[in-house]
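Each chain is listed here by its residues.
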Amino acid sequence: PGPPDGGWGWVVVFGAFISIGFAYAFPKGLAIFFKEIQDFFGTSYSEIAWVSSIMLATTYGAGPISSILVNRYGSRPVVMFGGLLCGVGMVSAAFCTSILQLYICVGFVTGFGLALNLQPSVIIIGKYFLKRRPIANGLAMAGSPVMLCTLAPLNQFLFDNFGWRGSFLILGAILLNCCVAGALFRPIGAATASGKTQAIEEGQATLKEEVTKDAMEMSSPMNVPTETKTEEEEGKDCCEKINQYLDFSLFKHRGFLIYLIGNVLMFLGFFAPIVFLAPYAKHIGIDEYSAAFLLSILAIVDMIARPTTGIIANSKWVRPRIQYFFSFSIAFNGTCHLLCPLASGYTGLVVYSVFFGLAFGMVCAMLFETLMDLVGAARFTSAVGLVTIAECCTILLGPPIGGTLIDTFGDYKYMFIKCGAVMVLAGTFLFIMNYYNYRMLAKEEKERKAKEEDPKSVRTENEVRNNWNKETTQDGPELEPLREEQEGLKKEANGT
Amino acid sequence: SEPMITTQTVNWQTQGSPSDHLMLGHNVSTLDPMSQEFKQATKDSVSNVTFVEYEVLLPGFSGASVEKNITLDSATRIELSCRLDNKYSHLKSLQVIWKRGNEIIRHINKTENSWSIQLRILDNSNLGSYSCTLKGEEEISAMFHLQVPTIEGKEKPIVSYEGDTAVMICKSFGYTPIAWTWYMTNGSEQIAINDSLLADKYAINKVSANVTHLKILKLTKEDDGVYWCEAAFELGKSKGKLMLKVLSFMVPLKPFLAIVAEAVILVTIVFLYELYSKKKEKHAEDEKEFDQVEQLKSEESNGLENSSTRHRKI
């Protein structure tokens, strides 16, 4: 039957909106408290900044753990537990007596809770939507700028009235609303799909002894093993067990590798401009409030750009070539940064903020959609975990490298040039590699169709397994694998 | 030890047009050996004496009077001058008066277009407002306000809780005070805080030359109120205001519990709705199955009829 593409799905999108919003906006919103905490504990600014860094690192680094838990238990329990963990983390942070305790409570515990919020929310959208998935993704990702615009003044209000301890206490309660968002994530298809895949795997195990060799020949991208049959069996059982929890075979997936390399490169230049926009504005003589207003403009444009990009990406012209659209938006983003040093005065920076907000929203809206498009909904759970832990390093490196460039040259333009260059490079790389990928997929699709039409091929379990192998190793344009899977399952049912 | 001489030349652009701006050259002058006056101004053996020049360019007889704030923290010899724009140099009968309040200052140095006075600022009594007035057809004047550096406190109150610690920080920008003193307000009185006397309650730390910390331990409701940090300079004292608010832990606890309750209620509602809709679905499915069975039965009977009709037709 396929994903519902509506109905309760829109409620799930709302829940994901809240969950993703907290995950991305909360670390940024905490910056308001840092000055006071720094004074209170008598530490330097960099020691306080570590709180943010640890939180961000944990949110991205715990991706694989999140994926494993979702693979095992489904999205709902994981998000509810994540919300609970966030709440506990912030409440205990309210009673901290040293900066180290803050690192643990705010950094690790809350960061881990946010990780358990972020991944499952993105995953469940893939389970509820197929035809309207880009719109759903765009809407859900819009949660980040909306939450940021809400949290920033809220945090200021809480701080003025309750001090930082009281604020952390109340923020802990607010984070418990992630549990509400999680409660909305009704399990769907996931249980049945995993049941079916398990059935197929069991069938596989029994057929293995007969068809291993043939299967190896037919599924081309896989490396031809030279081990003996028994070793293969044992190795496969172990691998399959791990793969059940976290699909490492994704590293053989061409599309996944392209996405991984392109994104890891992109994140080197993604966040630094936001971090340094306000300081740059102050540096060229703009007052503090106008500089802060630039970020507000960015957030507002971002808010509108994300769902709009979702709608555009869903249209029938763009959807089949969504990877090109994604590469274009990354390159567009990079070009904005390269042109920023040319902006003079406040008006120039406002124009830059508008375009930056637009580009940023476009990239973020499609960030997970393109990954889903490449690997398919079934393997997306593991894919997102592996991708976030790889991005973790570059995300953390980006702003400090930018900061070092600024300190060394005393000029902000080199940071903008570096970010712009990196992103244009990433966009071009993704464009070229995806062109190659689309061609390869079209070629493989032709081959597969040719084989199917071959009258000599008997509908043996051999072929069933062959088809299933092909699906797992090369998932093509999104609508195909689902159809193939269904066909495969039907054949399986008929066969046995 | 020889006294050090530092010279500083500061120029100001007035509210006139930018083209009126003029830069003065650097001016070095020797020290007047009036050592008795300087002894009282300094504590250490090394005496630092500064000589500063300040010039104001008068915009003309049409504008309003010009004012300038000058911040001094230690004993200074200062020269204040009022310069008139070149376009007015044709005016002959100009009279210049330098005043401090109502007191007229005599020794005016006149150059081609400027009139200046030299002052020795040694203590607080020398500070104040000095004015130069040019009398021609109309009057034009400029004011120099000589003051001690201002200390910034905090506009918003610092919020803390009973039993917790509060840290209050005062900074002096650019000028290093000789000493810091903290005061708390009791009613309308200001009482100095003695941290050696009440060592388990207050701790005053000098973090750096320009920054002072006051740490108040074991806060109670009585600690709530206004605090002052006072910086003592050679030429006087300057205060900054800070406010401390001490709350009981019940204050944030109420919104906290309210939001937790809201979250729990929402989660319960969501789950209950899910159970309800599942029951409804099951009912609907059962009904559907029942309907389908009925339909099959009726179709069978219909089918027999149909085939018989067809048979008849043929």
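Just so you know, these numbers come straight off a predicted model, no measurement behind them.

**A look at the overall build of chain A**
Stage number 1. The number of helices and strands found in chain A is 19 helices and 0 strands.
Stage number 2. Going through the 496 residues of chain A one by one, you find that 55% of them count as buried.
Stage number 3. Carbon and sulfur atoms make up 67% of the accessible area of chain A, which totals about 21100 Å².

**Focus: the overall build of chain B**
Stage number 1. Per the secondary structure count, chain B includes 2 helices and 18 strands.
Stage number 2. By residue count, 36% of the 314 residues in chain B fall in the buried class.
Stage number 3. At a minimum sequence separation of 6, the contacts of chain B that also span at least 24 residues come to 69%.
Stage number 4. For chain B, the accessible area works out to roughly 19500 Å², and carbon and sulfur atoms hold 53% of it.

**Topic: the domain arrangement of chain A**
Residues and elements named next belong to chain A.
Stage number 1. The assigned domain composition of chain A is domain 1 (1-187) and domain 2 (247-445).
Stage number 2. Averaged C-alpha coordinates put domain 1 and domain 2 at centres separated by 21 Å.
Stage number 3. Opposite the 30 residues of domain 1 that make contact, domain 2 presents 28 residues.
Stage number 4. Taken over both partners, the interface formed by domain 1 and domain 2 buries close to 2700 Å², and the fraction arising from carbon and sulfur atoms is 70%.
Stage number 5. When residues of domain 1 are sorted by the area they lose upon contact with domain 2, Tyr60, Arg133 and Pro134 head the list and together hold 22% of the total.
Stage number 6. Run the count over domain 1 and domain 2 and you get 1 salt bridge.

**Structural notes on the domain arrangement of chain B**
All names here are of chain B.
Stage number 1. For chain B, the assigned domains read domain 1 (52-147) and domain 2 (151-249).
Stage number 2. At the junction of the two partners, domain 1 supplies 10 residues and domain 2 supplies 6 residues.
Stage number 3. Across the interface of domain 1 and domain 2, roughly 680 Å² is buried in total on both sides, 59% from carbon and sulfur atoms.
Stage number 4. Interface area lost by domain 1 to domain 2 is led by Thr71, Asp73 and Ser74, which between them contribute 61%.
Stage number 5. The interface formed by domain 1 and domain 2 includes 0 salt bridges.
Stage number 6. Applying the counting criterion to the domain 1 and domain 2 interface returns 3 residue pairs in polar contact (both at pLDDT 80 or more).

**Some points on the pairing of strand 9 (residues 128-135) of chain B**
All names here are of chain B.
Stage number 1. Across 6 bridges, the pairing between strand 5 (residues 95-100) and strand 9 is antiparallel. Paired with Val96 across the two strands is Leu134, which belongs to strand 9.
Stage number 2. Where strand 9 folds back onto strand 10 (residues 139-147) in an antiparallel hairpin, the turn is made up of 3 residues.

**Notes on the nonpolar core**
Stage number 1. Within the largest apolar cluster, 126 residues are counted, with the highest numbers of intra-cluster contacts made by A:Leu30 and A:Phe168.
Stage number 2. Broken down by element, this core gets its largest block of residues, 22 residues, from helix 16 (residues 345-409) of chain A.
Stage number 3. Beyond its immediate chain neighbours, meaning those up to four positions away, A:Leu30 contacts A:Met55, A:Met90, A:Val106, A:Asn155, A:Phe168 and A:Leu171.
Stage number 4. Core analysis: the next-biggest nonpolar cluster, separate from the first, contains 29 residues, B:Val56, B:Ile78, B:Ala142 and B:Leu146 among them.

**Digging into the UniProt feature "transmembrane region" (unreviewed entry) in chain B**
Stage number 1. The sites that UniProt annotates as "transmembrane region" (unreviewed entry) are residues 256-276 of chain B.
Stage number 2. Along residues 256-276 of chain B the backbone is 100% helical and 0% strand, and the end-to-end C-alpha distance reaches 30 Å.

**Section: the packing of helix 3 (residues 45-61) of chain A against helix 6 (residues 99-128) of chain A**
Residue and element names in this part refer to chain A.
Stage number 1. Interhelical geometry of helix 3 versus helix 6 gives an angle of 25° and a closest axis separation of 7 Å. Between helix 3 and helix 6, the angle falls in the class roughly parallel. In the packing of helix 3 onto helix 6, the handedness of the crossing is right-handed. Together, Glu47, Ile48, Trp50, Val51, Ile54, Met55, Thr58 and Thr59 of helix 3 and Ile99, Tyr103, Val106, Gly107, Phe108, Thr110, Gly111, Phe112, Leu114, Ala115 and Leu118 of helix 6 make up the contact between the two elements.
Stage number 2. Along the lines of polarity and charge, the residues of the contact of helix 3 with helix 6 split into 13 nonpolar, 5 polar and 1 charged.

**Here we look at the packing of aromatic side chains**
Pairs of aromatic rings are described using the distance from one ring centre to the other and the angle between the two planes.
Stage number 1. With the rule as written, the count across this model stands at 30 aromatic pairs over all chains.
Stage number 2. With 4.8 Å between their ring centres and 20° between their planes, A:Phe270 and A:Phe360 make a pair best called stacked. Of this pair, A:Phe270 sits in the loop between helix 12 (254-267) and helix 13 (272-283) while A:Phe360 sits in helix 16; the two residues are 90 residues apart in sequence, bridging distant segments of the chain. In terms of burial, A:Phe270 and A:Phe360 fall into one category: buried.
Stage number 3. Considering the side-chain rings of A:Phe328 and A:Phe332, the 6.1 Å spacing of their centres and the 5° angle between planes classify their relative orientation as stacked. Pair noted here: A:Phe328 and A:Phe332 are both in helix 15 (residues 322-339), with a separation of 4 residues, about one helical turn.
Stage number 4. Since its relative accessible area comes to 21%, A:Phe332 is described here as partly exposed.
Stage number 5. An aromatic cluster is present here, built from A:Phe267, A:Phe270, A:Phe271, A:Tyr280, A:Tyr352, A:Phe356, A:Phe360, A:Tyr412 and A:Phe416 joined pairwise through their rings.
Stage number 6. One cation-aromatic arrangement involves B:Lys239 over B:Tyr183; the distance from NZ or CZ to the ring centre is 5.6 Å.

**Some words on the interface of chain A and chain B**
Stage number 1. At the junction of the two partners, chain A supplies 28 residues and chain B supplies 28 residues.
Stage number 2. A:Glu36 is the partner of B:Lys154 in a salt bridge, and the nearest nitrogen-oxygen pair spans 3.6 Å.
Stage number 3. Linking chain A to chain B there are 6 residue pairs in polar contact (both at pLDDT 80 or more).
Stage number 4. Sorting the residues of the side of chain A that touches chain B by element identifies helix 2 (34-41), helix 5 (75-93), helix 8 (143-175) and helix 9 (177-183) of chain A as the ones contributing at least two each.
Stage number 5. Among the elements that make up the side of chain A that touches chain B, the one with the highest residue count is helix 8 of chain A (12 residues).
Stage number 6. Classifying every residue of the side of chain A that touches chain B gives 16 nonpolar, 5 polar and 7 charged.

**With respect to the pairing of strand 12 (residues 166-171) of chain B**
All names here are of chain B.
Stage number 1. With 5 of 6 residues buried, strand 12 lies mostly within the body of the structure.
Stage number 2. Bridge count between strand 12 and strand 16 (residues 211-216): 6 bridges; the pairing is antiparallel. Its bridge partner lying in strand 16, Lys171 is registered against Val211.

Thresholds applied
- Residues numbered from 1 in each chain as written.
- Chains lettered and ligands numbered in written order.
- Predicted model: local features only at pLDDT ≥ 70, side-chain atom pairs only at ≥ 80, totals over all residues.
- Heavy atoms only, no water.
- Helix = DSSP H or I, 4+ residues; strand = E, 2+ residues; numbered from the N terminus.
- Buried < 20%, exposed > 50% of the residue type's maximum accessible area, 1.4 Å probe, protein only.
- Areas by Shrake-Rupley, 256 points an atom, 1.4 Å probe, with all protein chains shown as cover.
- Contact = heavy atoms within 4.5 Å.
- Domains from an automatic or database assignment.
- Buried area = accessible area lost by both parts, 1.4 Å probe.
- Salt bridge = Lys/Arg side-chain N within 4 Å of Asp/Glu carboxyl O.
- Polar contact = N/O pair within 3.5 Å; in protein donor to acceptor, adjacent residues only side chain to side chain.
- Pairing = 2+ DSSP bridges.
- Core = buried A, V, L, I, M, F, W, Y, C linked by side-chain atoms within 4.5 Å.
- UniProt positions renumbered as here; feature names shortened; annotations may be inferred.
- Axes fitted to C-alpha atoms, helices over the stretch in contact; angles between N-to-C directions.
- Parallel < 35°, antiparallel > 145°, perpendicular 65-115°, else oblique.
- Left-handed = near helix turned anticlockwise from the far one by under 90°.
- Nonpolar A, V, L, I, M, F, W, Y, C, P; charged D, E, K, R; others polar.
- Phe/Tyr/Trp six-rings, centres within 6.5 Å; stacked < 30°, edge-to-face > 60°.
- Lys NZ or Arg CZ within 6 Å of the ring centre and 35° of its normal.

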